[in-house]
Amino acid sequence: MTHEGAYSAVVERLFMETPCAGALVGPECVIGEAVDRLTGTHVRVHLQVHQGHVAQARYQVRGCPYTIAALAFLVPAWVGSPVASLQVSADQLHRILDAPADRRGRFLLIEDALRAAVGACTGIT
Amino acid sequence: MTHEGAYSAVVERLFMETPCAGALVGPECVIGEAVDRLTGTHVRVHLQVHQGHVAQARYQVRGCPYTIAALAFLVPAWVGSPVASLQVSADQLHRILDAPADRRGRFLLIEDALRAAVGACTGIT
Amino acid sequence: MIYLDHAATSSLDPVVREAMEAALRQAAGNPNSLHAAGRAARVRIEAARAQVATVLQTEPESIVFTSGATESDNLAILGAARAARTRGLHVVTAKTEHRAVLDVVSALAREGFSTTLLKPDAEGLISAAVVEQAVRPDTVLLSMMLVNNETGVVQDIEAIAAVCHRRGVLLHVDAAQAVGRVPFTAASLGADLISLSSHKIHGPMGVGALYIRQNPRPALVPLLFGGGQEHALRPGTLPVHQIVGMGMAYARAHELADHEIPRLAGLTQRLWRRLQALPAIHLNGSIRYRAPHILNVSFVGVDGEALRYALPDLALSSGSACSAGDPESSYVLRALGRDDALAQASLRFSVGRTTTETEIDEAALAVVAAVTRLRALAPP
Amino acid sequence: MIYLDHAATSSLDPVVREAMEAALRQAAGNPNSLHAAGRAARVRIEAARAQVATVLQTEPESIVFTSGATESDNLAILGAARAARTRGLHVVTAKTEHRAVLDVVSALAREGFSTTLLKPDAEGLISAAVVEQAVRPDTVLLSMMLVNNETGVVQDIEAIAAVCHRRGVLLHVDAAQAVGRVPFTAASLGADLISLSSHKIHGPMGVGALYIRQNPRPALVPLLFGGGQEHALRPGTLPVHQIVGMGMAYARAHELADHEIPRLAGLTQRLWRRLQALPAIHLNGSIRYRAPHILNVSFVGVDGEALRYALPDLALSSGSACSAGDPESSYVLRALGRDDALAQASLRFSVGRTTTETEIDEAALAVVAAVTRLRALAPP
Ligand SMILES: Cc1ncc(COP(=O)(O)O)c(C=O)c1O
Ligand SMILES: Cc1ncc(COP(=O)(O)O)c(C=O)c1O
């Protein structure tokens with residue numbers, strides 16, 4: 001049995017509301033992307049960076065409820081933080097979302113997408 | 001499955017009423033007996049013979065319901081008949097009692113007991 | 001909650017439930033006992049056996065009760081193959097069979113049988129010609145389902161049976177999903193062994209049957225020993241209320257078939273039309289050769305788990321309930337050529353006697369909304 | 001009709017029936033499905049598993065549901081012996097076991113195992129010393145019932161388990177007749193495998209369970225394949241209402257044991273006293289080590305079939321219902337040294353939760369009258 005069918009209330013709320021879902025286009029906007037062919041998971045992180053800080057953050061995602069909830073949990077909190085400080089803690093996501101162990105790979109995918117976005121910030125101040 | 005548990009109404013009546021059950025003692029009385037150790041069946045036929053005819057007939061029996069019913073069917077009908085004419089038809093018993101094939105041996109046992117009784121009549125007139 | 005998972009287990013027909021409740025209230029009696037209570041129980045068992053036989057238009061003697069279609073599949077396949085060991089060691093089945101067939105065939109492989117798993121075409125169909133090619137001189141058994149439990153695809157068993165008989169191969173048909181949905185008889189299928197379920201056709205869970213052709217009767221090695229019930233093929237006290245329930249479920253299926261079959265087909269067609277409001281969806285399995293109660297659809301560009309999660313008011317699954325716990329995508333859809341992600345992003349809708357048009361319309365609306373939302377959330 | 005055949009199948013407890021009827025009225029849901037209806041069914045299954053485990057004072061993980069004690073016996077014996085083939089090919093059991101054990105052991109013999117059938121003493125008992133002597137270095141499994149279904153004799157399983165563990169032999173115990181009649185726990189028996197029935201203790205027919213010790217857990221080769229349910233040991237859709245019924249039957253047996261065990265013992269003692277109005281009768285099996293619900297009596301000088309026929313208002317049998325169809329006399333009684341005719345002229349009285357003192361008195365009167373009449377009919 002997978003964990004499917006036994007999602008926590010936190011996951012449920014985040015999955016239903018998906019705060020900050022969407023895309024950013026325009027000056028100072030970067031995209032970070034990561035894909036896992038096996039599960040079909042696709043994560044795209046959008047950051048608008050101003051003076052080294054996150055002015056706006058968005059995400060697009062095709063993935064399981066935990067992946068969606070993880071982004072809905074993380075991304076809104078990034079706004080206002082120094083880009084250099086952004087990080088994804090898979091352990092924290094497991095804890096907060098009460099996620100099964102087999103979702104670790106998806107959380108690392110989010111980390112990859114974030115890293116790609118942060119990397120794309122080079123040159124933006 | 002044996003036939004047990006599916007006895008006909010004829011068997012039921014004969015088994016309950018057992019007409020002419022019992023023993024005969026006294027002059028002109030003979031006994032014929034047959035035993036089958038395997039099933040524990042024991043048949044004893046009593047005849048009182050007068051001038052070559054059956055004056056009275058009785059039976060004692062330890063046996064299955066068909067064996068009891070067979071005796072209760074046959075023996076009363078012997079009264080008045082010439083001893084020499086008495087006989088047991090296993091086929092007839094199967095038909096009348098709707099008895100399963102595996103009871104044939106018991107009906108032949110009744111025939112044995114009758115034959116023994118008829119044999120014991122020698123000398124009685 | 002809209003229940004669209006009748007292929008996993010169907011709702012209990014109220015008439016069946018009443019028959020079972022009446023049986024549960026009867027005085028106790030072991031159908032093997034010779035006293036009046038036992039004989040009364042036996043009468044009920046034999047009446048139910050006749051009800052099941054009637055649906056297949058066969059003799060009651062050809063029906064053996066089991067604990068379900070899984071056990072029937074096991075008894076048929078293990079029983080027939082083990083009995084035929086000395087004639088040959090080759091068994092044929094299809095990649096799209098239920099686990100209760102595939103896992104049994106794997107068990108035979110561990111016992112030294114060689115096995116061939118036929119691949120269906122993109123519509124899920126397996127032709128008689130494909131079967132003909134797979135049969136070898138040492139083939140003893142072919143197992144092929146009538147209605148696929150994930151896609152609803154109906155195989156042309158008659159044509160396959162002709163091949164089997166010509167080549168001297170026993171034919172086992174898993175008809176668990178077929179009863180009450182696809183008209184057939186034992187003779188029309190031409191099978192030697194047919195597995196039957198009760199709970200897939202509005203009867204109780206935990207009971208099933210195996211049809212065994214009588215003339216000629218295939219030899220079967222039993223799986224269970226003791227007691228001698230069911231011609232010593234399936235020992236254990238016969239569960240009266242369960243068998244009464246299955247008998248009644250079969251009688252009901254028979255009685256309602258003319259009305260229910262077109263009605264179910266209408267419901268799945270209606271659902272398919274409504275879902276076509278969405279772009280980029282695919283019907284899985286043949287559109288032509290299909291059972292009326294199952295519709296399996298793949299939704300391009302969404303995650304299957306998220307889709308199911310976004311439909312909390314619909315009870316349905318992506319595939320077989322037996323492997324619902326399994327995180328990998330449906331092996332049935334992959335055998336039809338769907339890639340992993342698309343197989344995973346699929347829903348099996350299965351309707352039953354309680355399903356209404358209103359439910360279908362509500363379900364379609366919910367699915368369209370959920371797919372639209374998830375697609376909007378995803379990167380383009 | 002006075003029902004004195006609770007050992008063949010016991011009357012369904014009304015509380016159990018109500019629990020089953022409630023389960024039958026619940027919305028459909030396959031316990032393997034992940035949607036809400038499936039999860040609700042799963043919750044009911046696990047609650048029942050806990051109820052069964054509680055009676056044995058063990059963990060729920062050690063309980064696997066089956067279709068009955070016959071299947072449990074088969075799974076335990078075939079499963080454990082086949083898994084242990086490489087360690088040894090010798091299996092021990094007793095001549096007085098149920099057919100669901102003896103016929104399975106015969107099946108093992110056909111698979112190349114050598115088998116020893118222990119003969120009980122005249123009281124039906126098998127001592128630990130007899131077991132000790134029978135165990136060989138290649139013995140892998142011993143199967144011994146706790147309560148005999150024909151005589152009610154209770155074996156000293158604890159002492160036998162000690163021998164088995166010392167000698168590294170797996171112990172299977174058929175406890176089908178023991179639950180609710182003889183206090184025991186998994187630990188007190190010390191068995192590795194315990195077969196459990198539902199319908200013998202006022203639960204539904206067609207469901208049972210196998211207790212499998214967890215630490216160490218004996219290896220078992222499954223009998224059925226597919227679906228992966230019950231740790232892949234017993235596939236097939238779990239029948240919710242059946243398992244709910246068994247769980248409730250076990251909870252009831254547990255709750256009522258303190259009251260019912262002495263009451264049942266009182267009833268069989270009362271019957272034995274009343275029957276003693278007859279000369280030349282024999283109690284079969286130990287008078288001391290016996291379950292409270294079974295009394296088996298031989299009547300010298302009468303034909304057994306005629307005796308049963310002369311008691312149309314008593315539902316009882318001469319021995320096991322499973323071989324009631326069998327014309328030969330009880331092999332269990334013959335193993336205790338009764339000759340054929342006496343074994344045949346025996347009645348097994350088995351009482352249950354519905355049996356009253358009045359019924360016992362009426363039954364005793366009827367038996368005394370029938371035996372007296374048949375003896376009067378017989379030659380001296
Ligand atoms: C095609 C098919 N065969 C066999 C089975 C097993 O049926 P049961 O649950 O009665 O064991 C199922 C359902 O799970 C099925 O759909
Ligand atoms: C001791 C014993 N074991 C096994 C069984 C078989 O039980 P079930 O009818 O649940 O298969 C019975 C009853 O028939 C029994 O009395």
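Thresholds applied
- Residues numbered from 1 in each chain as written.
- Chains lettered and ligands numbered in written order.
- Predicted model: local features only at pLDDT ≥ 70, side-chain atom pairs only at ≥ 80, totals over all residues.
- Heavy atoms only, no water.
- 1 Å grid on protein atoms, 1.4 Å probe; cavity = no way out; pocket = protein on both sides within 12 Å on 5 of 7 lines; lining within 4 Å.
- Points joined across faces, edges and corners; volume = space filled by probe spheres on them.
- Helix = DSSP H or I, 4+ residues; strand = E, 2+ residues; numbered from the N terminus.
- Nonpolar A, V, L, I, M, F, W, Y, C, P; charged D, E, K, R; others polar.
- Least-squares fit on C-alpha atoms with pLDDT ≥ 70 in both.
- Contact = heavy atoms within 4.5 Å.
- Near = heavy atom within 4 Å.
- Polar contact = N/O pair within 3.5 Å; in protein donor to acceptor, adjacent residues only side chain to side chain.
- Areas by Shrake-Rupley, 256 points an atom, 1.4 Å probe, with all protein chains shown as cover.
- Domains from an automatic or database assignment.
- Buried area = accessible area lost by both parts, 1.4 Å probe.
- Salt bridge = Lys/Arg side-chain N within 4 Å of Asp/Glu carboxyl O.
- Phe/Tyr/Trp six-rings, centres within 6.5 Å; stacked < 30°, edge-to-face > 60°.
- Buried < 20%, exposed > 50% of the residue type's maximum accessible area, 1.4 Å probe, protein only.
- Lys NZ or Arg CZ within 6 Å of the ring centre and 35° of its normal.

Draft legend 1. Up close: empty space enclosed by the protein. The final tally for this structure, using the stated rule, is 10 cavities of 30 Å³ or more. Space inside the largest cavity adds up to approximately 330 Å³. Lining the largest cavity are 33 residues, with Gly68, Ala69 and Thr70 of chain C together with Gly236 and Thr237 of chain D positioned closest to its centre. Those elements that provide at least two residues to the lining of the largest cavity are helix 3 (69-83) of chain C together with strand 2 (63-66) of chain D. Broken down by element, the lining of the largest cavity gets its largest block of residues, four residues, from helix 3 of chain C. Grouping the constituent residues of the lining of the largest cavity by class yields 14 nonpolar, 14 polar and five charged. Roughly 230 Å³ of internal volume is contained in the second largest cavity. Together, 25 residues line the second largest cavity, and Ala69, Thr70, His98, His199 and Lys200 of chain D are the ones closest to its centre. The dominant element in the lining of the second largest cavity, judged by the number of residues it contributes, is helix 3 (residues 69-83) of chain D, at four residues. For the lining of the second largest cavity, the residue count by class is nine nonpolar, 11 polar and five charged.

Draft legend 2. Summary view of the relation of the copies chain D and chain C. Least-squares fitting of chain D to chain C yields an RMSD of 0.0 Å, with the superposition described by an axial translation of 0.0 Å and a rotation of 180 degrees. The superposition of one copy onto the other is thereby described by a two-fold rotation axis. Taking the C-alpha atom as reference, chain D places Ser67 of chain D closest to the rotation axis, 3.1 Å from it. Mapped onto chain C, 100% of the interface residues of chain D again fall at the interface, so both copies present the same surface.

Draft legend 3. Quick look at the site of ligand 2. Residues in contact with ligand 2 amount to 16 residues; listed here are only the nearest, Thr237 of chain C together with Thr70, Asp174, His199 and Lys200 of chain D. Those residues lying near ligand 2 are distributed over chains C and D. Between ligand 2 and the protein, one listed contact pairs an oxygen atom with a side-chain N or O atom of Thr237 of chain C at 2.5 Å. Contacts to ligand 2 include Ala69 of chain D, whose backbone N or O atom sits 2.9 Å from an oxygen atom. When the free accessible area of ligand 2 is taken as 400 Å², the share hidden by the protein chains comes to 97%. Sorting elements by how many residues they give to the shell around ligand 2 places helix 3 of chain D first, with three residues. The class makeup of the residues in the shell around ligand 2 is four nonpolar, nine polar and three charged.

Draft legend 4. Structural context of the domain arrangement of chain C. All names here are of chain C. Per the domain assignment, the segments making up chain C are domain 1 (2-8 + 257-377) and domain 2 (14-252). Taking the mean C-alpha position of each, domain 1 and domain 2 sit 27 Å from one another. Listed by partner, the interface residues are 28 residues for domain 1 and 31 residues for domain 2. Buried surface at the junction of domain 1 and domain 2, summed over both partners, amounts to about 2500 Å²; 54% is from carbon and sulfur atoms. Among the residues domain 1 hides against domain 2, the three largest losses belong to Tyr331, Leu336 and Arg353. Together they make up 25% of the total.

Draft legend 5. Region of interest: the interface of chain A and chain C. Between chain A and chain C, the contact holds 26 residues from the first and 19 residues from the second. Seen at the junction of chain A and chain C, the total is one salt bridge. Notably, a salt bridge pairs Glu305 of chain C with Arg103 of chain A, separated by 2.9 Å at the nearest N-O pair. Viewed at the interface, chain C and chain A are joined by seven residue pairs in polar contact (both at pLDDT 80 or more). Those elements that provide at least two residues to the side of chain A that touches chain C are helix 1 (9-17), strand 2 (41-50), strand 3 (53-62) and helix 2 (65-78) of chain A. Ranked by residues supplied to the side of chain A that touches chain C, first place goes to helix 1 of chain A with four residues. Here the residues of the side of chain A that touches chain C are counted per class, giving 12 nonpolar, eight polar and six charged.

Draft legend 6. Seen up close, the packing of aromatic side chains. Taken as a whole and assessed by the stated rule, the structure comprises six aromatic pairs over all chains. Centre to centre, the rings of Tyr7 of chain B and Tyr309 of chain D are 4.1 Å apart; their planes meet at 40 degrees, and the pair counts as tilted. Taken together, the positions of Tyr7 of chain B in the segment before helix 1 (9-17) and Tyr309 of chain D in helix 9 (residues 304-309) put the pair across two chains. Accessibility classification places Tyr7 of chain B together with Tyr309 of chain D in one group, the buried group. By the ring-pair criterion, three or more aromatic residues cluster together here, those being Tyr7, Phe15 and Tyr66 of chain A together with Tyr309 of chain C. Seen from the ring of Phe15 of chain A, Arg373 of chain C lies directly overhead, with NZ or CZ sitting 5.1 Å from the centre.

Draft legend 7. Structural detail: the interface of chain D and chain C. In this complex, chain D contributes 59 residues to the contact, which on the side of chain C involves 59 residues. For the chain D and chain C pair, buried surface summed over both sides reaches about 4400 Å², with 62% attributable to carbon and sulfur atoms. For the chain D face of the interface with chain C, the top three residues by lost area are Leu24, Met205 and Phe225 of chain D, together amounting to 15%. Among the salt bridges present, the one from Glu21 of chain C reaches Arg25 of chain D, with a minimum N-O distance of 3.0 Å. The tally of links between chain D and chain C comes to 16 residue pairs in polar contact (both at pLDDT 80 or more). Those elements that place two or more of their residues in the side of chain D that touches chain C are helix 1 (14-25), helix 2 (36-56), helix 3, helix 4 (99-110), helix 8 (240-275) and strand 11 (314-315) of chain D. Ranked by residue count, the leading element in the side of chain D that touches chain C is helix 4 of chain D, at six residues. Broken down by class, the residue content of the side of chain D that touches chain C amounts to 30 nonpolar, 20 polar and nine charged.

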